[in-house]
Amino acid sequence: MKSRLNFKHLLVVIILPFVSLSTIAGTVTPTSGQDKVEALKAEIKKDPKNTKLVVQLAQEFYAQKDYEKVTLLLWKQIDKLDRQAILLLARAHEARQETGDMIRALNNLISKNDKDFEAYSLLGNAYVLQKKPKEALENYKLAIEANPKYEPPYNALMKMYETRQPPNYYEMRILAQDMIDNMGKKAEYLAKLCEINTNDATYEAGVTSCREAIQKDSKIADAHVNLGLSMKGMGDDDKAKAALKKAADSFPKSEFAQYTYGHLLEEDKSSIEAMKYFKAGSEADPKSARSWLGLATTSFDMKKYEVALIAYKNACKYDRKNAVAFRKATTVLRNSRVSEWIGKYESASENCTF
């Protein structure tokens, strides 16, 4: 009897890994996205008027990023779709940058409910894609008015104000404060206000908001860096240097922290130390033109021409405007008659053009 029990147990151990629980229960559940698609197609073929199944199929196509199939399916059922399905249709058009169809779908929703905050927010996205900032702003503001606790339109508006030249810090500050007032003192909102105050040179407010952000979440690197920059802006150089060094040492993966402290050291003519932090910045973000340029200039000052050449090449690769600094270094070598490196620098700097 003992040997029979062991044999049965052995069979279970061997067979179970190859049999799904749904098969044991007498049904077969699709195990992959494509299986789900085929199963839904089969169900729709039996019941072609079942809108719920059609929407489920569209959701599967959306998950697979097959956005064209989503739009083809849902427009055929447009009069039967609920709100979530029409939002899915709009997002599929957004992914394909088909703004006209996107707006048409969203207007369908707004005609039914003129307080539909998600529809207004997506309409704002559509007008951004169409490069119509006035219409985008209007719809984002309507979304916030309809639901002050819905975050996407705030973020979209912040991006619009931030990318203007020059950035509209006045509106950004109001928006950040609205986010705090309407959605609570979240660390990321406080850190954004800290950043805005620092960049707008309202340094006293910057110190206050940055400290509040750090108190809320001490792991936000940018808040520590902006605290140091605000202190520097207020003329408190010793505290600023200490804060920026602490930020750089505490957040080795933050290019912002590494670059900012490296730049401060470079201004203080501490090239050896600055080079170390610029190098860390280029490692934290290998595409950071400014960290590469900092590494180039400091290593060049120390006559480490091989390191500088590599850094200048990368600085130019990620920002062609660094061609000026590269050519200046080449001229210095030529005037100093450092023959070993002149040819290499001339050749590389000539390839670095605007």
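Keep in mind that this is a model prediction, so the values were computed, not measured.

Enquirer: Where do I start with the overall build of the chain in this structure?
Expert: A count of helical and extended segments in the chain gives 21 helices and zero strands. Against the compact-globule benchmark of 20 Å for 354 residues, the chain has a radius of gyration of 29 Å, which places it well outside the compact range. With respect to the three principal axes, the spread of C-alpha positions in the chain is 85 × 70 × 45 Å. Counting the 354 residues in the chain, one finds 42% classified as buried. Of the contacts formed within the chain by residues at least 6 apart in sequence, a portion of 46% connects residues at least 24 apart. Entry remark: accessible area of the chain is about 20600 Å², with carbon and sulfur atoms responsible for 53%.

Enquirer: So what exactly am I meant to see when it comes to the nonpolar core here?
Expert: Nonpolar side chains in soluble globular proteins generally cluster together in the buried interior. Within the largest apolar cluster, 68 residues are counted, with the highest numbers of intra-cluster contacts made by Leu74 and Leu106. Apart from residues no more than four positions distant in its own chain, leucine 106 is found in contact with Leu87, Ala90, Ala119, Leu122 and Leu123. In terms of nonpolar packing, the next biggest core, distinct from the first, is built from 34 residues, Ala247, Leu295, Tyr312 and Ala323 among them.

Enquirer: Can you help me understand the pattern of salt bridges in this one?
Expert: It is possible for side chains bearing opposite charge to pair when their charged atoms get close. A complete count under the given rule lists 19 salt bridges for this structure. Where glutamate 38 meets lysine 41, a salt bridge forms, and the shortest distance between an N and an O atom there is 4.0 Å. Pair noted here: glutamate 38 and lysine 41 are both in helix H3 (residues 33–46), with a separation of three residues, about one helical turn. Residue glutamate 38 is classed as partly exposed on the basis of its relative accessible area, which comes to 41%. Among the residues examined, lysine 41 registers a relative accessible area of 38% and is labelled partly exposed. The structure contains a network of salt bridges with shared partners spanning Arg83, Arg91, Asp116 and Glu118.

Enquirer: What's the story with the packing of helix H16 (residues 255–267) against helix H18 (residues 289–301) in this structure? I'm lost.
Expert: Each pair of packed helices can be summarised by the angle the axes make with each other and by the distance between the axes. Where H16 meets H18, the closest approach of the two axes is 10 Å, and the angle between their N-to-C directions is 30°. What the angle tells us is that H16 and H18 run roughly parallel. Between H16 and H18 lies a crossing whose hand is left-handed. Touching Glu255, Phe256, Tyr259 and Glu266 of H16 are Arg290, Ser291, Thr297 and Thr298, all from H18.

Enquirer: For this particular structure, what's the right way to read the environment of serine 291?
Expert: Structurally, serine 291 can be placed in helix H18. Through-space distance from the C-alpha of serine 291 to that of leucine 244 is 16 Å; in sequence the pair is 47 residues apart. Beyond its immediate stretch of four places on either side in the chain, serine 291 contacts Glu255, Tyr259, Phe278, Gly281 and Ser282.

Enquirer: Hey, could you run me through the state of the cysteines in this one?
Expert: Disulfides are covalent bonds that link the sulfur atoms of two cysteine residues. One pass over the structure, following the stated rule, counts two disulfides. Paired through a disulfide, cysteine 194 and cysteine 210 show a sulfur-sulfur distance of 2.0 Å. Of note, the bridge from cysteine 194 to cysteine 210 carries an S-S torsion of about 80° and is right-handed in sense. One end of the pair, cysteine 194, is in helix H12 (residues 187–199); the other, cysteine 210, is in helix H13 (residues 203–216), with 16 residues separating them in the sequence. Across this residue pair, the class does not change: cysteine 194 and cysteine 210 are buried. Paired by a disulfide, cysteine 316 and cysteine 352 hold their sulfur atoms 1.6 Å apart. Sign of the S-S torsion, about 105° for the bond between cysteine 316 and cysteine 352, identifies this disulfide as right-handed. Of this pair, cysteine 316 sits in helix H19 (residues 305–318) while cysteine 352 sits in the segment after helix H21 (339–350), placing them 36 residues apart in sequence.

Enquirer: Is there a simple way to think about the environment of threonine 99 in this case?
Expert: Examined against the element boundaries, threonine 99 turns out to sit in helix H7 (residues 99–112). A relative accessible area of 12% means that threonine 99 is categorised as buried. Sequence spacing of threonine 99 and asparagine 335 is 236 residues, and the spatial spacing of their C-alpha atoms is 57 Å. Leave out the neighbours within four places in its chain, and threonine 99 touches Ala126, Leu129 and Gln130.

Analysis parameters
The residue numbering used here restarts from 1 in each chain and proceeds along that chain's sequence as written. Residues qualify for local features only when their pLDDT is at least 70, as the model is predicted, and side-chain atom pairs are given and counted only at 80 or more; totals for whole chains, interfaces and linings, by contrast, use all residues. Side-chain calculation: all heavy atoms of the structure are included, whereas hydrogens and water are not. In DSSP terms, a helix is any run of H or I states spanning at least four residues, a strand is any run of E spanning at least two, and both are numbered starting from the N terminus. In this description the radius of gyration comes from C-alpha coordinates, and the expected globular size is given by 2.2 Å times residues to the power 0.38. Between buried and exposed lies partly exposed: a residue is buried under 20% and exposed over 50% of the maximum accessible area for its type, with that area taken using a 1.4 Å probe on protein chains only. Note on contacts: a residue pair is in contact if any heavy atoms of the two residues lie within 4.5 Å. Only the protein chains shown count as cover for residues, and the accessible areas themselves come from Shrake-Rupley with a 1.4 Å probe. Here the nonpolar core consists of buried residues drawn from Ala, Val, Leu, Ile, Met, Phe, Trp, Tyr and Cys, with membership extended through side-chain atoms lying within 4.5 Å. Note on definitions: salt bridges are taken to be side-chain nitrogens of Lys or Arg within 4 Å of carboxyl oxygens of Asp or Glu. Here, axes are lines fitted to C-alpha atoms. For helices the fit covers the stretch in contact, and angles between N-to-C directions go from 0 to 180 degrees. Just so you know how the angles are binned, under 35 degrees is roughly parallel, over 145 roughly antiparallel, 65 to 115 roughly perpendicular, and the rest oblique. By convention, the crossing between two helices is left-handed when the near helix turns anticlockwise from the far helix through less than a right angle, and right-handed when the turn is clockwise. Two cysteine sulfur atoms form a disulfide, by the criterion used here, when they sit within 2.5 Å.

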